[in-house]
Amino acid sequence: SNIARKSLETFAVRVSTQLLAAVGGVVIARTLLTIGKGEYTYAGTILGFIAMMTMGHTRAVLWQYGKRGVPAMSVFRVMLFVVVAVAVPLSIALAAIGMLVPSQHSLLFVAAALPFGIFAQSAAGLFLADGDVRTLNIAELIPYVLAPLVYVPIILFVDRSLSVVLTAWAGSYVVAA
């Protein structure tokens, strides 16, 4: 059935993303050692924490578009306004901290990824309301597949640098949005 296919596809994506995250994490830990792995994990934790705080926005988008029948473009405009109003000040604050506090350098990459991560998360409500699980699954895969495909070969063979990893990681959120 359609529900079973979508559920299996989503399950496969979730398992794949966890496996790829584990492989990427092992490569980071082996090449950049605990300091590099810690910085990478810290960046992901901060982005995840902020994304959790904005999770209600996804549900609001889903409710307005899916349940109340508000036209998609109207919901999208308001959604975009809210994302900008929340993400831009947070990104500026994170970037300032990342520039001013040397031990917080990885926050610069969080600041770059944040608006795109929040946008993709909020837009998920539009796709869910339309039952477009495949697009959501593809968008979910990008940060977990694209980033390791870029940074693993580079840090193994070219440049063992945390900046390479964090740039690929932040860039994957831009692509996913």
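Residues numbered from 1 in each chain as written. Predicted model: local features only at pLDDT ≥ 70, side-chain atom pairs only at ≥ 80, totals over all residues. Heavy atoms only, no water.

Draft legend 1. Quick look at the side chain of Ser-161. Mapped onto the secondary structure, Ser-161 falls in the loop between helix 5 (133–157) and helix 6 (162–176). Polar contacts involving the side chain of Ser-161 include one to the main-chain amide nitrogen of Ser-163, which spans 3.1 Å. If we skip the residues at most four places from it in the chain, Ser-161 touches Leu-32 and Ile-155. (Helix = DSSP H or I, 4+ residues; strand = E, 2+ residues; numbered from the N terminus. Polar contact = N/O pair within 3.5 Å; in protein donor to acceptor, adjacent residues only side chain to side chain. Contact = heavy atoms within 4.5 Å.)

Draft legend 2. Structural context of the nonpolar core. Judged by nonpolar contacts, the single largest core of 36 residues is most densely connected at Tyr-151 and Trp-169. With 10 residues, the top contributor of residues to this core is helix 4 (residues 107–129). (Core = buried A, V, L, I, M, F, W, Y, C linked by side-chain atoms within 4.5 Å. Buried < 20%, exposed > 50% of the residue type's maximum accessible area, 1.4 Å probe, protein only.)

Draft legend 3. Inspection of helix 4 at higher detail. Helix length check: helix 4 (23 residues) gives 33 Å between terminal C-alpha atoms against 33 Å at 1.5 Å per residue, within 8%. Taken as a whole, helix 4 carries its principal kink of about 40° at Ala-113; the proline Pro-115 stands between one and four residues after it. Just past helix 4, the residue Gly-131 takes up positive phi, approximately 75°. (Expected span 1.5 Å × (residues − 1). Bend = angle between axes of the 7 residues up to and from the residue.)

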